[in-house]
Protein chains: 4
Amino acid sequence: MTERIVLAYSGGLDTSVAIPWIKERTGRDVIAFAVDVGQAGEDLEQIRQRALDCGAVEAVVLDARDEYADDYLIPALKANALYQRRYPLVSALSRPLIARHLARVARELGANSIAHGCTGMGNDQVRFEAAVAAVAPELESIAPIRDLSLTRDVAIEYAEANKLPIRQSKSSPYSVDQNMWGRAVETGFLEDPWNAPIEDLYEYTQDPTIQRDPTEITIAFEAGVPVAIDGERMSMRQIVEKLNDLAGKHGVGRLDMVEDRLVGIKSREIYEAPAAIALIEAHTQLEDLVLERDVHRYKREVEVEWSNLVYDGLWFGGLKVALDSFIDHTQEKVTGEVRMTLHQGRAVVTGRRSDQSLYDYSLATYDTGNTFNQDAARGFIELHSLPSKIAARRDKPQL
Amino acid sequence: MTERIVLAYSGGLDTSVAIPWIKERTGRDVIAFAVDVGQAGEDLEQIRQRALDCGAVEAVVLDARDEYADDYLIPALKANALYQRRYPLVSALSRPLIARHLARVARELGANSIAHGCTGMGNDQVRFEAAVAAVAPELESIAPIRDLSLTRDVAIEYAEANKLPIRQSKSSPYSVDQNMWGRAVETGFLEDPWNAPIEDLYEYTQDPTIQRDPTEITIAFEAGVPVAIDGERMSMRQIVEKLNDLAGKHGVGRLDMVEDRLVGIKSREIYEAPAAIALIEAHTQLEDLVLERDVHRYKREVEVEWSNLVYDGLWFGGLKVALDSFIDHTQEKVTGEVRMTLHQGRAVVTGRRSDQSLYDYSLATYDTGNTFNQDAARGFIELHSLPSKIAARRDKPQL
Amino acid sequence: MTERIVLAYSGGLDTSVAIPWIKERTGRDVIAFAVDVGQAGEDLEQIRQRALDCGAVEAVVLDARDEYADDYLIPALKANALYQRRYPLVSALSRPLIARHLARVARELGANSIAHGCTGMGNDQVRFEAAVAAVAPELESIAPIRDLSLTRDVAIEYAEANKLPIRQSKSSPYSVDQNMWGRAVETGFLEDPWNAPIEDLYEYTQDPTIQRDPTEITIAFEAGVPVAIDGERMSMRQIVEKLNDLAGKHGVGRLDMVEDRLVGIKSREIYEAPAAIALIEAHTQLEDLVLERDVHRYKREVEVEWSNLVYDGLWFGGLKVALDSFIDHTQEKVTGEVRMTLHQGRAVVTGRRSDQSLYDYSLATYDTGNTFNQDAARGFIELHSLPSKIAARRDKPQL
Amino acid sequence: MTERIVLAYSGGLDTSVAIPWIKERTGRDVIAFAVDVGQAGEDLEQIRQRALDCGAVEAVVLDARDEYADDYLIPALKANALYQRRYPLVSALSRPLIARHLARVARELGANSIAHGCTGMGNDQVRFEAAVAAVAPELESIAPIRDLSLTRDVAIEYAEANKLPIRQSKSSPYSVDQNMWGRAVETGFLEDPWNAPIEDLYEYTQDPTIQRDPTEITIAFEAGVPVAIDGERMSMRQIVEKLNDLAGKHGVGRLDMVEDRLVGIKSREIYEAPAAIALIEAHTQLEDLVLERDVHRYKREVEVEWSNLVYDGLWFGGLKVALDSFIDHTQEKVTGEVRMTLHQGRAVVTGRRSDQSLYDYSLATYDTGNTFNQDAARGFIELHSLPSKIAARRDKPQL
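Fair warning: this is a prediction, and the values are worked out from it, not measured in the lab. Each residue is numbered by its place in its chain's sequence as written, counting from 1. Each chain is given a letter, starting from A, and each ligand a number, starting from 1, according to the order in which they appear as written. In keeping with the model being predicted, local features are shown solely for residues with a pLDDT of at least 70 and side-chain atom pairs are shown and tallied solely at 80 or more, while totals for entire chains, interfaces and linings include all residues. Working from all heavy atoms in the structure, the side-chain values ignore hydrogens and water.

## Quick look at a negative patch on the surface
Each patch is built from salt-bridge-free residues with over 30% relative accessible area, joining like charges within 9 Å and nonpolar side chains (Val, Leu, Ile, Met, Phe, Trp, Tyr) within 5 Å. In this description, accessible areas are obtained by the Shrake-Rupley approach with a 1.4 Å probe, and a residue is regarded as covered only by the protein chains that are shown. Within this document, salt bridges are pairs made up of a side-chain nitrogen of Lys or Arg and a carboxyl oxygen of Asp or Glu, the two lying within 4 Å of each other. Charge convention: Lys and Arg are scored as positive, Asp and Glu as negative, and His as well as the terminal groups of each chain are ignored. Note on charges: their place is set at NZ of Lys, CZ of Arg, CG of Asp or CD of Glu. Residues Glu301 of chain A, Glu301 of chain B, Glu301 of chain C together with Glu301 of chain D make up a contiguous surface patch of negative charge. Mapped onto the secondary structure, glutamate 301 of chain A falls in helix 10 (residues 293-311). Only protein chains enter the accessibility calculation, which uses a 1.4 Å probe. A residue is then buried if its area is under 20% of the maximum for its type, exposed if over 50%, and partly exposed in between. Of the residues examined, glutamate 301 of chain A reaches a relative accessible area of 37% and is grouped as partly exposed. Where helices and strands are cited, they refer to DSSP runs of H or I of at least four residues and of E of at least two residues respectively, numbered from the N terminus.

## Examining the sheet that holds strand 7 (residues 182-186) of chain D
Strands pair in a sheet through their backbones, by hydrogen bonds, and they do so in one of two ways: parallel or antiparallel. All names here are of chain D. Criterion used throughout: strands pair if DSSP finds at least two bridges between them. Strand order in the open sheet formed by 4 strands is 6-7-12-11, and the pairing between neighbours is antiparallel. The sheet terminates laterally at strand 6 (175-179) and strand 11 (254-260), the two strands that pair on one side only. Ignoring which end each strand starts from, the neighbouring axes of this sheet average 25 degrees apart. Here strand 11 pairs with strand 12 (residues 266-272) via 7 bridges, running antiparallel. Considered in strand 12, the bridge of glutamate 259 is made with serine 267. Whenever a helix is involved, its axis is fitted only over the stretch in contact; in every case the axis is a line through C-alpha atoms, and angles between N-to-C directions fall within 0 to 180 degrees.

## Some remarks on the sheet that holds strand 1 (residues 4-8) of chain D
Residues and elements named next belong to chain D. Strand order in the open sheet made by the 5 strands is 3-2-1-4-5, with parallel pairing throughout. Both edges of this open sheet fall to strand 3 (58-63) and strand 5 (140-142), since each of them pairs with a single strand only. On average, each strand axis in the sheet is inclined to that of its neighbour by 25 degrees, with strand direction left out of account. As defined by bridge partners, strand 1 adjoins strand 2 (residues 29-36) across 5 bridges and the pair is classed as parallel. Along strand 2, the bridge assignment pairs alanine 8 with phenylalanine 33. Working rule for contacts: check all heavy atoms of both residues, and any pair within 4.5 Å makes them a contact. Lying over the sheet, helix 2 (residues 44-53) contacts strand 2 and strand 3, oriented at roughly 165 degrees with respect to strand 3.

## Here we look at the packing of helix 13 (residues 375-395) of chain A against helix 13 (residues 375-395) of chain D
At their nearest, the axes of helix 13 of chain A and helix 13 of chain D sit 6 Å apart, and the two run at 95 degrees to each other. Here helix 13 of chain A lies roughly perpendicular to helix 13 of chain D, going by the angle between them. Facing Ala376, Ala377, Gly379, Phe380, Glu382, Leu383 and His384 of chain A of helix 13 of chain A, the residues of helix 13 of chain D in contact are Ala376, Ala377, Gly379, Phe380, Glu382, Leu383 and His384 of chain D. Each residue gets one label: Ala, Val, Leu, Ile, Met, Phe, Trp, Tyr, Cys and Pro are nonpolar, Asp, Glu, Lys and Arg are charged, and the others, such as Gly, are polar. Of the residues that constitute the contact of helix 13 of chain A with helix 13 of chain D, the class distribution is 8 nonpolar, 4 polar and 2 charged. Roughly parallel refers to an angle under 35 degrees, roughly antiparallel to one over 145, roughly perpendicular to one between 65 and 115, and oblique to any angle outside these ranges.

## Considering the interface of chain C and chain D
Across the boundary between the two partners, chain C contributes 100 residues, which contact 100 residues of chain D. Roughly 9,400 Å² is buried in total at the junction of chain C and chain D, and carbon and sulfur atoms are behind 54% of that figure. With its nearest N and O atoms 2.6 Å apart, the salt bridge here joins arginine 378 of chain C to aspartate 147 of chain D. Polar contact criterion, stated in full: a pair of N or O atoms within 3.5 Å, where within protein one must be able to donate a hydrogen and the other to accept it, and residues adjacent in sequence count only if both atoms are side-chain atoms. Inspection of the region where chain C meets chain D yields 44 residue pairs in polar contact (both at pLDDT 80 or more). Taken together, the residues of the side of chain C that touches chain D sort by class into 41 nonpolar, 28 polar and 31 charged. We define buried area as the total accessible area lost by two parts upon association, computed with a 1.4 Å probe and summed across both.

## A short note on the UniProt feature "binding site: L-citrulline" (unreviewed entry) in chain A
Residue and element names in this part refer to chain A. UniProt positions are given in the numbering used here, feature names are shortened, and annotations may be inferred rather than shown by experiment. If you check UniProt for "binding site: L-citrulline" (unreviewed entry), the listed places come out as Tyr87, Asn123, Arg127, Ser175, Glu259 and Tyr271 in our numbering. Note on placement: asparagine 123 falls in the loop between strand 4 (113-115) and helix 5 (124-135). In this view, asparagine 123 contacts Glu259, Arg261, Leu262, Val263 and Tyr311; residues no more than four positions away in its chain are not counted. Of note, serine 175 is situated in strand 6 (residues 175-179). Here serine 175 falls in the partly exposed class, since its relative accessible area comes to 40%. Beyond its immediate sequence surroundings of up to four residues, serine 175 is in contact with Ala184, Val185 and Glu186.

As structure tokens, this is what we get:
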């Protein structure tokens, strides 16, 4: 019986060619799997048909937008996940979802391997394969571009020679990955980190320098999860879509950075992530109001570790999962509202309130009626300073 | 012989009244010490004269702007110091400088104690007294407002009754601390964290929504220290002053946050710090280009610790000083240029370059000629994933 | 109506005198509360009667040994809690239990404050009062020794003058705190950290240099909790008691250290904790076998934070509780057996096994049949080394 | 011209066969390099001659014992380096030294690659190759066992067939790596982590259960470096050798653990490291006396990172080097003496003293004359507890 392989299929040139290419090179029957994680673009049914037309023995499609929002974006938001304090892990979040479904489809349809369209230079190959290893260790992973010499030139030639039904897109100079949490763009001239990005790169955001009236919104959270905008309850997916629209119009969430890839090199990346950036800012500010100081300080460290792990493809790894337990515990009180102004590239919080607030007006006010015991401060300072003071007696610093 | 005390003197109402008040309550002769850390405002000589007029037995003034920039702001910039990822430690940086000079003056002029004008509710009392304990453990610290019942109402009444030569300022509704690194504002209506800040609060920054042409600048760094703007070499003080001007015009560096004070309460704070925010962004982006990945990841953690320590008043503590050794080592290669656009409240880096860059075009490019060994990726992924894979064999996760 | 206060009562001189002393000084009626956390010593009923004889308006006693073992020692063992890598938090663990019951009794019997017998120099005052603040913020805390001038000399004199029914103990030169997790001893000559401890200090452990035959035991764990010794199922309390006996005979668990107290000073401490040290060693070794590498590395950091928090009296604080969520998650697989030899002061693990083991013989063996893919190593090393390699090309290190 | 390769040569079977094997398989001329890092065993000159007899075109030997002690063991001791809190990094410390010299010899003698005798399953291959990449990125690394199919069976057969002058050792069942910092042993029956080690495994330590009189020694440190034993000044190498002898006699430093290898698997390891374990214990206890509390707490975290990095082969990486700056700074005050008893498998510190001590008798004593300000404690506790108290007011915990 012929071996079967499940290919993560996008409908584009590379993975379309990969279908017959894998068959030719490995003899395996290819099952195409396409998933909607909010990347917009083509209809899933069209994609499914193209996979079959390219020679897939089966083609499975899935609208995973709600699953992606609920099971991947919500944990990322709870973790205020920003790699290198900037990048909201756009591609790093979609890969484990896709990998998990690849593995599920493989098991259901009797395949013993999976394939994906990544190169051998980037992070996404690691994320696909590490995720598969962590959920279905029996499956082999193959990357036709990396392992079967399927370069872009080869793919174009093959598609033409074999008259594959690839949609004729205008040849774009940009290499793009996108889903509802954001969009990543790479292109030749950006490979010099001194070159500035140009307006043409962006699709999720409009030029922030264009004059517009500001948009003010209020986002409500319950236990760390955004549940409403301006009083209207929505699902996470709806909130992300709505904020991509609202914040995108104001040019919020453009990022330009040099990033340390897991594979050991630095790369220059342009991202746009309007909803992600606005939500993380709002969520963080609400946490500032309701988390105890030491929880706050420690969680910010955990967030860095969480982000590094997910960036590094370890979504299903034991540590990331254990950190989720910690994070979930901290989110129990993260309930309240944040008012935010979207304008000219910025998402600025202008107010936050919560029944769970730890801000105590009577302790903080400079007005009469303050209940803070100023007498306590002397004793506090004395013991807080005591280690330094004892050291100073020893070290006799010069002034 | 009469005991002597050195008072950190601002020239304002509270510390002016404190001069005779301390004398009355403690019997000590008061030496006034005033320092310029770039807070603008009155001439030091005027301040000196007022101290004497209020009854100080001696009055010492010091222009410490360059010392502040070189010895306090440069280390803070190297540490990208942002408390709670936002606040660039404006007041927390000036306190240790002032405390050290208070201690120096005390030793030189034979005083056995120091005094400052802080209340018993805030961080600055801790910073003053912890710093003094760490450099001159023999000195006592007194806070007249906290320890000698010198409330504001008492001070106003006393000043009038005794015809103290206080400059009659319009009664400001704002409580402000400022120096060249930024400005902090507190006021009654902001004590509700739901209330939005108003334009009237700001002095260092102009309204970011006003239409202006963007300003593009290039900042040069050497070993982590900014040394030139647009090719013109300047001292740290000059660079900070210049950027306060340039970035302030574009409304860069406004911050609105709920903050965890060291004394255990949350407070709502408004800051504006145009130069600080612009410089930290530029410095961070240059580091992204020149630091090794693991140095980068670890330094970001050290920065948090450093910021917490300085926020907590432990500038002269052993740990902060030891962390400086680590940070200084990481800065040796942080040499290069960053191009930045200042516009509408944002300081956006659009390019960075360095002879010390670790960005390797030949490894990163997607063009032909790439030298990255894609074959290595398979082996890397296999071992990177191995712990998860072994765990998966044990745990048999469901899909 | 007379105010009431609940006193943590030990039955000893200080707290016995404190009963009438608090009444005299504050006018409050004293409710005595005594608890058994495995400290051995007197019968609770005797203690109860003495409290009443000393003037307590009520006296409540509680055998909390199982609660202490289950709710305090198990979490500490899961966290492998060792302050400064040595001290298993003996006193730090009993304080929150006692404080919580003090608060409970206060609420049940209508008291508005609690009292304890600690001095103003140590950690335990902080632990009592911080725990009370965290569970019953409305209660005031009083320490008669610190706050009401009840020095030891005063107490002795008062007891004699008032013929208080204090059990006449031989005047011990040692200051001791003990419970089932261990025993702390301080005494005059040990206040010089150069002086060696003497045999007379110890009660839980016998001299480890005495010749005895080794004892070999096997401890079984389920989800991080010890459940059996040598196949005999026991409660946590029974296991701790049994191991105090077995390991104590071999002199296991003696500790001699200079410790950083929360109040800012260093102190020299002698501890003995035979069961604690043996259990933590066994538990750690089992974790070595079943935890994924990155969970293992991170948990060891979390353990340090957890230990610091509990040492610092923050048992009920938000961060410690959130860390418990993380730790509990990691313990799910910590099931298996550890074989240990107790001998001459050492508890040495000689074997560990588990159905949840991540040790994979076929990957680790040097025998034929090894399934480790050595080819993967080259690629792994290449990318693992790549950041250093790129840096070396820049830095051209000299050899 | 023929290419040249420098081989890390031990004189044993594998690397002796590797000389002609590499020549046959790659055509490269082999330069043998042997180094003494205190592993005892054969004379370097004998080893040098054997290399030539096996076909090396050149053979270089080096006595690096002092360099190893001074440049590798001292930093490890300053870092109290223990991987997984147990393993003092025996092999991990010698590899970077050897790799650096391999690279130096390669440059000096015109080779373009290096070779080592490690398998593809362990850590040491990574350490060799990562170190070479970090100091001489132009050099290629080859592992004949991993890359050229030089299995042990092949090696034995080849040696016999070619009459290589291998010293006929009794076939040992143990796989051993050793140097002056310790000794690692692996062998078949130990691959079951449930099996106990047997006495025959050990060479550096004698059976700790044998009755002997205890040995008491005093170790003096200056700036973190041990400089004398019992008043006799010695070099680091001499101190390590002396302590291996003294502590080894008492069976100090035996370790039995399951360890997480960098390559992703767990392995069971037996180590013996008498000097390392005794010195780290002594050094740590001296640090307890002289380091400020927050330096102490943070340094213990840095030590874990440092140990992980060195274990992972990143000795020359940027982060490890930067951490050394931090550690060196903390060591400035680590000067003083530690008294230690060696007996029955234990190295027990019984006293420590230092002119740099931060232990303050007058603050710590319970005797009269104590200068600790107990009044300060109330205020300290109030603010230390305030965040928990405010949270409790919100959360209303049940008792």
